[in-house]
Amino acid sequence: MITIDSLTKSYGRQVVVDGVTLELPDSGVTSIIGANGAGKSTLLSMVSRVLGADAGVVTVDGLDVWNAPGRKIARRLSILRQETHTQARITVRELVEFGRYPHSRGRLTPECRAAVDEALAFCDLGELEHRSIHELSGGQRQRACVAMVLAQDTRYVLLDEPLNNLDLVHATALMRLVRRLADERGKSIVLVLHDINYASVYSDRIVAMRDGVVVRDGSPADVMTEDALSHIYGAPFVVHTLGEDRIAAYYR
Amino acid sequence: MDDAPVTPAGSPAPASPRPGGPADPTGQVAAATAQAPHRPRAGRTRLVLGILTLIALAASAAFLTYGVDGHWDFALPRRAATLGALAVVGAAIAVSTVVFHTITHNRILTPGIMGMDSLYVLAAASVVTATGNSASAVLGPVGAFAANTLLMTGLALVLYRWLIGDGSRGLYTLLLVGVIGGTLFGSLTSFLLRTMDPNQYDALMSDLFASFTAVDLRLLATAAALLALCGGAAWWLAPRLDVLTLGRERAIGLGVDYRRTVTLAMGIVALLVAASTALVGPLTFLGVVVANLAYRLTRTYRHRVNMVAAALVAVAALVTAQTVLQHVLRFNGTVGSLVALVGGTWFLWLLVKEARS
């Protein structure tokens, strides 16, 4: 369980995350939605201890993320962020091997190799494994980053806008992979998503933020209503039922 | 720098297991995709390091023996001391630059360009001013070196650690602050020099701008010991530095204590800069050349490989230049200017390339 207690962050006088209290479960897919600037990514950055908070506490399985040893946290919690570039020459396989660092500190065990091979296969990267990450397309690079997070093999996986750079087919493939991780491995996956229909179709739970606070928190059926979405985004929505899925239309 | 010995990137993995490669002990992993060319770069790394070692050794042999004409007992100890100084300085500058590149997330700036060797000179001038006499007369050369190094490392840890921050400052901010810092330290040094008694001034100058040809053996031994210590620390820190190449956020996500690692690395850099500056004075542009040449040759992010390769390149380059200048052309003490000429040109080229991309 990840517990977030009265977490606050402001930049100057602008409060970005305003006293958020939230519990994230041990398993399942949780999506965080909201308009630009609602504080979703800031919240995720603080949970993953990349960003310090002004006030509040985050614990992962009872460990305070800012005070517990980094390695201990990194074996429980992994994060995929929007891409940061590196000048070094790194191949896809080497990038994925970095995911094993919290377990092996750079000395790969046979178990690590197996985890890396599996992550590469899971993300369909077998043929690209010796390519430099500079040579890849945005989507391929995104898959390589996802594979690194998989190799880290943590109970909690945080994905900050993982569908960026992905075309429709790859976005759907990634969401199916997320679903499989939750269903087959019992992992807890928390995603920041802009596409609310992916959130609707693939999540167990949707947390909606607006102006730094959580305004809706519930199953897709609870959140994917015209009233709730209009409130979250401050714009009109039409929600259709297609088979079992609720699909929001906001194009007109 | 050709592409010859590497397996073409992206070619389908051959299905046969690699000869001599370790067998997969778990046996579950499909051998076809996984184990085949497991480290296509391992062969290249060995080749590059082997060739660089040979070049460095050949240059050293040439330096020790060229044109001695039978005066072996006179020439050899002197030349060996110079060779020792060249090796210590080359290795210290190379390792400090590679580490510095990683913690600043750029491959252009070096501790020298950022004014760290000017900071050492300032520390030395301050120590002389404070003790009221040439520090080396009071403390001996090793004691003076220790005092300067302590002062310089303390200042560097405060100033540069703050400047690097969380690694998000851009190249041009760092460059600008570095140039201003270097100029400031230089101006403060010349201010101190102007207030100095001429005898102190003379002693300080001979301490600071000792050349490769007049090496104090005790100082050389101290600098070598410091190099061994810092080199060992850098080797030990290398896996974490490898993770740091992915950027701050990913490093934190992988459980690296970012602040602590950068501070440790900064301490190593400062001590190495002190060691090399104490021996021969500032060699501002050597680091940028040798580190970038090493990256091009090794083509890996691994710090252990890059530090060794850069050190070998530095030693080979310095020893070759010194051999040609001192023994063949009979010039004295011009290696520094040669390094500035070649290194400065390379640095400008790197800056232009960076600006275009």
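## Brief notes about the overall build of chain A
Okay, so step 1: What chain A contains, in helices and strands, is 10 helices and 12 strands.
Okay, so step 2: Radius of gyration (C-alpha) of chain A: 18 Å, near the 18 Å computed for a compact globule of 252 residues.
Okay, so step 3: Counting only C-alpha atoms and orienting by the principal axes, one finds that chain A spans roughly 50 × 40 × 35 Å.
Okay, so step 4: Within chain A, buried positions represent 52% of all 252 residues.
Okay, so step 5: Considering only residue pairs separated by 6 or more positions, chain A has 65% of its internal contacts joining residues 24 or more positions apart.

## Regarding the overall build of chain B
Okay, so step 1: Regarding its fold elements, chain B presents 13 helices and 0 strands.
Okay, so step 2: Listing the helices and strands of chain B from first to last along the sequence gives α-α-α-α-α-α-α-α-α-α-α-α-α.
Okay, so step 3: Counting every position in chain B, which comprises 357 residues, the buried fraction comes to 50%.
Okay, so step 4: Long-range contacts, defined as pairs at least 24 residues apart, comprise 79% of the intrachain contacts of chain B with a sequence gap of at least 6.
Okay, so step 5: Total accessible area computed for chain B in this model is approximately 15,800 Å², and 67% of it derives from carbon and sulfur atoms.

## Thoughts on the packing of helix H3 (residues 72-104) of chain B against helix H11 (residues 286-298) of chain B
All names here are of chain B.
Okay, so step 1: Remark: H3 packs on H11, axes separated minimally by 9 Å, with the N-to-C direction vectors making an angle of 70°. It follows from the interaxial angle that H3 and H11 lie roughly perpendicular. Residues Ile93, Ala94, Thr97, Val98 and His101 of H3 touch H11, and the partners they reach there are Leu286, Gly287, Val288, Val290, Ala291, Asn292 and Tyr295.
Okay, so step 2: Partitioning the contact of H3 with H11 into residue classes produces 8 nonpolar, 4 polar and no charged.

## Looking at the nonpolar core
Okay, so step 1: Membership of the largest hydrophobic core comes to 159 residues, with the highest contact counts inside it found for A:Ile33, A:Leu229, B:Leu109, B:Met116, B:Met152 and B:Tyr160.
Okay, so step 2: Core analysis: the next-biggest nonpolar cluster, separate from the first, contains 28 residues, A:Val60, A:Tyr156, A:Val190 and A:Val192 among them.

## Focus on the domain arrangement of chain A
All names here are of chain A.
Okay, so step 1: The domains assigned to chain A are domain 1 (2-76 + 155-249) and domain 2 (84-153).
Okay, so step 2: In this structure, domain 1 and domain 2 have C-alpha centres spaced 24 Å apart.
Okay, so step 3: The interface of domain 1 with domain 2 comprises 18 residues on the first partner and 15 residues on the second.
Okay, so step 4: Regarding the contact of domain 1 and domain 2, the summed buried area is about 1,400 Å², with carbon and sulfur atoms giving 59% of it.
Okay, so step 5: Area buried by domain 1 at its contact with domain 2 is led by Arg71, Arg75 and Leu177, which between them contribute 32% of it.
Okay, so step 6: At the boundary of domain 1 with domain 2, the tally comes to 2 salt bridges.
Okay, so step 7: Lys187 serves as the salt-bridge partner of Asp153, at 2.9 Å between the closest nitrogen and oxygen.
Okay, so step 8: The set of elements that each furnish at least two residues to the side of domain 1 that touches domain 2 consists of helix H2 (70-74) and helix H7 (168-185).
Okay, so step 9: Per-class residue counts for the side of domain 1 that touches domain 2 are 8 nonpolar, 3 polar and 7 charged.

## Structural notes on the packing of aromatic side chains
Here a ring pair, both rings aromatic, is described through the centre-centre distance and the interplanar angle of the planes.
Okay, so step 1: Taken as a whole and judged by the stated rule, the model has 7 aromatic pairs over all chains.
Okay, so step 2: When the ring of A:Tyr233 is compared with that of A:Phe237, the centres are 5.5 Å apart and the planes differ by 45°; the resulting orientation is tilted.
Okay, so step 3: A relative accessible area of 22% means that A:Tyr233 is categorised as partly exposed.
Okay, so step 4: Of the residues examined, A:Phe237 reaches a relative accessible area of 11% and is grouped as buried.
Okay, so step 5: Of the aromatic side chains, those joined through ring pairs into one cluster are A:Tyr233, A:Phe237, A:Tyr250 and A:Tyr251.
Okay, so step 6: Of note, B:Arg107 hangs over the ring of B:Tyr295, and the distance from its end group to the ring centre comes to 3.8 Å.

## What to know about the sheet that holds strand S10 (residues 213-218) of chain A
All names here are of chain A.
Okay, so step 1: Spatially, the 6 strands line up as an open sheet ordered S6-S7-S8-S3-S9-S10, and their pairing is mixed. Strands with a single pairing partner mark the edges of an open sheet, and in this sheet they are strand S6 (77-80) and S10. Sheet twist, expressed as the mean angle between neighbouring strand axes with direction ignored, is 15°.
Okay, so step 2: Sheet topology note: the strand S3 (residues 28-33)/strand S8 (residues 188-192) ladder contains 5 bridges and is parallel. For Ser31, the partnering residue across the bridge sits in S8 and is Leu191.
Okay, so step 3: The sheet contacts of helix H6 (residues 138-152) involve S6 and strand S7 (156-160), and relative to S6 the element is tilted by about 175°.
Okay, so step 4: Sheet strands in contact with H7 are S3, S7 and S8, and its direction is about 150° off that of S8.

## Comments concerning unusual backbone geometry
Residue and element names in this part refer to chain A.
Okay, so step 1: At Arg49, a position not held by glycine, the phi torsion is positive, near 60°.
Okay, so step 2: For Arg49, the position within the fold is in the loop between helix H1 (40-47) and strand S4 (55-60).
Okay, so step 3: Its identity is not glycine, yet Asp211 carries a phi of approximately 50°, on the positive side.
Okay, so step 4: Examined against the element boundaries, Asp211 turns out to sit in the loop between strand S9 (205-210) and S10.

## Quick look at the environment of B:Ala316
Residue and element names in this part refer to chain B.
Okay, so step 1: The topology assignment puts Ala316 in helix H12 (residues 303-328).
Okay, so step 2: In this structure Ala316 comes out as buried when scored by relative accessible area, which is 9%.
Okay, so step 3: When residues no more than four places from it in sequence are discounted, the contact partners of Ala316 are Ile55, Ala56 and Ala59.

## A short note on H3(B)
All names here are of chain B.
Okay, so step 1: With 33 residues, H3 should cover 48 Å at 1.5 Å per step; its first-to-last C-alpha distance of 46 Å lies within 8% of that length.
Okay, so step 2: Within H3, 24 of the 33 residues are buried, leaving the element largely enclosed by the surrounding structure.
Okay, so step 3: After H3 finishes, the residue His105 shows a positive phi value of roughly 55°.

## Some details on the sheet that holds strand S5 (residues 63-64) of chain A
Residues and elements named next belong to chain A.
Okay, so step 1: Taken in spatial order, the 4 strands of this open sheet run S2-S1-S4-S5, and their pairing is antiparallel. Strands with a single pairing partner mark the edges of an open sheet, and in this sheet they are strand S2 (14-24) and S5.
Okay, so step 2: Taken together, the 5 bridges between strand S1 (residues 2-11) and S4 define a ladder with antiparallel strand orientation. Bridge pairing in S4 links Thr8 to Ala55.
Okay, so step 3: Across the sheet, H1 touches S1, S2 and S4, and the angle it forms with S1 is around 120°.

## Quick word on the pairing of S8(A)
Regular strands place side chains that alternate from one sheet face to the opposite one.
All names here are of chain A.
Okay, so step 1: In terms of burial, S8 is largely enclosed, as 5 of its 5 residues are buried.
Okay, so step 2: Two strands pair when backbone bridges link them, and S7 and S8 are joined in this way by 5 bridges, in the parallel orientation. By the bridge assignment, Asp160 is partnered in S8 with Val192.
Okay, so step 3: As for the winding sense of the linkage, the β-α-β connection from S7 through H7 to S8 is right-handed.

Conventions adopted
Residues numbered from 1 in each chain as written. Chains lettered and ligands numbered in written order. Predicted model: local features only at pLDDT ≥ 70, side-chain atom pairs only at ≥ 80, totals over all residues. Heavy atoms only, no water. Helix = DSSP H or I, 4+ residues; strand = E, 2+ residues; numbered from the N terminus. Rg over C-alpha atoms; globule rule 2.2 N^0.38 Å. Buried < 20%, exposed > 50% of the residue type's maximum accessible area, 1.4 Å probe, protein only. Contact = heavy atoms within 4.5 Å. Areas by Shrake-Rupley, 256 points an atom, 1.4 Å probe, with all protein chains shown as cover. Axes fitted to C-alpha atoms, helices over the stretch in contact; angles between N-to-C directions. Parallel < 35°, antiparallel > 145°, perpendicular 65-115°, else oblique. Nonpolar A, V, L, I, M, F, W, Y, C, P; charged D, E, K, R; others polar. Core = buried A, V, L, I, M, F, W, Y, C linked by side-chain atoms within 4.5 Å. Domains from an automatic or database assignment. Buried area = accessible area lost by both parts, 1.4 Å probe. Salt bridge = Lys/Arg side-chain N within 4 Å of Asp/Glu carboxyl O. Phe/Tyr/Trp six-rings, centres within 6.5 Å; stacked < 30°, edge-to-face > 60°. Lys NZ or Arg CZ within 6 Å of the ring centre and 35° of its normal. Pairing = 2+ DSSP bridges. Expected span 1.5 Å × (residues − 1). Right-handed = clockwise from strand over helix to strand, strands pointing away.

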